[in-house]
Amino acid sequence: MIALRHGSASDTGVVRTINQDCSLVEEPLFAVADGMGGHAAGEVASQVAVEALRRNAEPTADGLVHAIRVANRAVWEKSAAEPAMRGMGTTMCAIVVVPAALPGAEGADGSDTVVVANVGDSRVYLFHDAELEQITEDHSLVEDLVREGRLTAEEAKTHPQRNVVTRVLGIEEDVEVDSWQVVPYAGDRFLLCSDGLFNEVDEDTIAGVLRGHDDPSEAASELVRLANAGGGRDNTTVVVVDVVDDGGRAGTASAELGTRRSTTKSTSTPSPGPDGPTPDRTAPLAMGATEGAARPTDANRAAKRRPAHAAPKPRRLTWRVALFALAVLAVLGAAGGATTWFARSTYFVGVEGEEVAIFRGRPGGVLWLQPTLAERTDLELGDVPPARRGDVEAGKQEASLADARRYVERLETSGTTTTTAPVTTATAPTTTAPAPPDPGAAPATSTP
Ligand code: MG
């Protein structure tokens, strides 16, 4: 018979105001449940489930699985009976020591074994030879995506929907339960925890704590403290169960390592109805506070009841998708049209080589739309009055081709006026001799 030592800790965390986790530490049975549902329903769900487990669990593999299914039925019935509790659910992970002498024990050497079972994303780890190994598999959306190869394990750690579970107690009449059998050795530590721990504390750190704190209560408290230090965004519950004596098995462990763990996963088959689990008839537990920070609603069988916001979206072209795509195309088309209009609706007078020319578009272009030569003129840049040359070189914008032509005509005219002006001015005094001489202009024109 193996000997155990255990400790546990639980905390509301630094964000939430009630603790919806619930744990069971009653050797040889240990469990962690993480309730979900608003208005204290999550707290009720985890308590109802743990109480049903406690009352019904037998120390066998089948007995543990059966008790978890009874717990599922208990939560489901309470949820159905009380509108305020509707939709509540809870995860559950549990371990029980199975004595070798009892039916169901399958220890490799005829000694005690440990049966591990879970529903949801609360986890059981085994710390053995200073290594941390996760035994349970999460029933969660991100784990499904990882298994399907659509998400890496690293991406799953920070995925915004990592709290969405796909199987949970209390949502349907019956539930599938996964279970494993583990051959325990002295020095092994079983860690049961809610997701408040591993979402805040990485597994290397968890392993370090288990390595550094011999006392299971101290280790549990330190892990909860680290979860809060890491953010404490969820309730955190930790149960540490140490195998302090394995009845001499460790002495021959090296020869048995190949069979040390028959961790073959078993999955119960739901069979609601007359042959289903016996409903637990325990009296309803007292309600706690009235607030619950609900996690996203869960579903036991993803295909049947996975909440819409949690489901991987089927990649089908529905009419909504088609409408959305059309709307996007329309917006893009309108934006493109507006840009083209803006870029091409105007003309400017600029320079082509040494000649003045009229271009369609905007000087320098707009995005990918470059101006194009509309027509050449007979005017050379050198003939443009110096005061206008800068404008022309930069591109003098006009609203239309006609306006641009008129501007060119004005340039030609003013260019002519300017170049002939000195002649006109020079002849002015002689042709207008009767006029009184301009003192300022006189020296240039009248002295000769
Ligand atoms: Mg949680």
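Right, let's walk through the structure included here. Being a predicted model, the structure only gives us computed values, none of them experimental.

A few words now on the pairing of strand β6 (residues 113-119). Of all seven residues making up β6, seven are buried, and the element is well covered by its neighbours. In β6, alternate side chains face the same way, and those of T113, V115, A117 and V119 on one face and V114, V116 and N118 on the other are all buried. One ladder, built from seven bridges, connects strand β5 (residues 92-98) with β6; its direction is antiparallel. When the bridges of β6 are listed, C93 appears paired with N118. Relative to strand β9 (residues 178-182), β6 is paired through five bridges, and the arrangement is antiparallel. When the sheet's bridge partners are listed, V115 is paired in β9 with Q181.

With that settled, the discussion passes to a negative patch on the surface. A cluster of acidic side chains, namely E354, D378, E380, D383, E409 and E412, defines a negative patch on the protein surface. Those elements that place two or more of their residues in the negative patch are β15 (372-380) and α12 (401-431). For E409, the location among the structural elements is in helix α12.

One can find L192 in strand β10 (residues 189-193). Distance from L192 to A33, taken between C-alpha atoms, is 9.7 Å for residues 159 residues apart in sequence. Filtering out sequence-adjacent residues up to four positions away, L192 remains in contact with F30, A31, V32, C93, A94, I95, R123, V124, T237, V238, V239 and V241.

Across the sheet, which stays open at both edges, the five strands sit in the order β1-β11-β10-β7-β8 with antiparallel pairing between neighbours. Of all strands in the sheet, those with a lone pairing partner are β1 (3-11) and β8 (131-134), marking the two edges. For this sheet, the mean inter-axis angle between neighbouring strands, taken without regard to orientation, is 20°. The pairing of β1 with strand β11 (residues 236-245) spans nine bridges and is classified as antiparallel. Bridging from a neighbouring strand, D11 pairs with T236 of β11.

On to the side chain of S79. By the secondary structure assignment, S79 is in helix α2 (residues 61-81). For S79, the residues in contact, after removing those within four places along its chain, are M85, R86, G87, M88 and G170.

Conventions and cut-offs
Residues numbered from 1 in each chain as written. Predicted model: local features only at pLDDT ≥ 70, side-chain atom pairs only at ≥ 80, totals over all residues. Heavy atoms only, no water. Buried < 20%, exposed > 50% of the residue type's maximum accessible area, 1.4 Å probe, protein only. Helix = DSSP H or I, 4+ residues; strand = E, 2+ residues; numbered from the N terminus. Pairing = 2+ DSSP bridges. Patch = residues over 30% accessible without salt bridge, like charges linked within 9 Å, V, L, I, M, F, W, Y side chains within 5 Å. Areas by Shrake-Rupley, 256 points an atom, 1.4 Å probe, with all protein chains shown as cover. Salt bridge = Lys/Arg side-chain N within 4 Å of Asp/Glu carboxyl O. Lys, Arg positive; Asp, Glu negative; His and termini not counted. Charge placed at Lys NZ, Arg CZ, Asp CG, Glu CD. Contact = heavy atoms within 4.5 Å. Axes fitted to C-alpha atoms, helices over the stretch in contact; angles between N-to-C directions.

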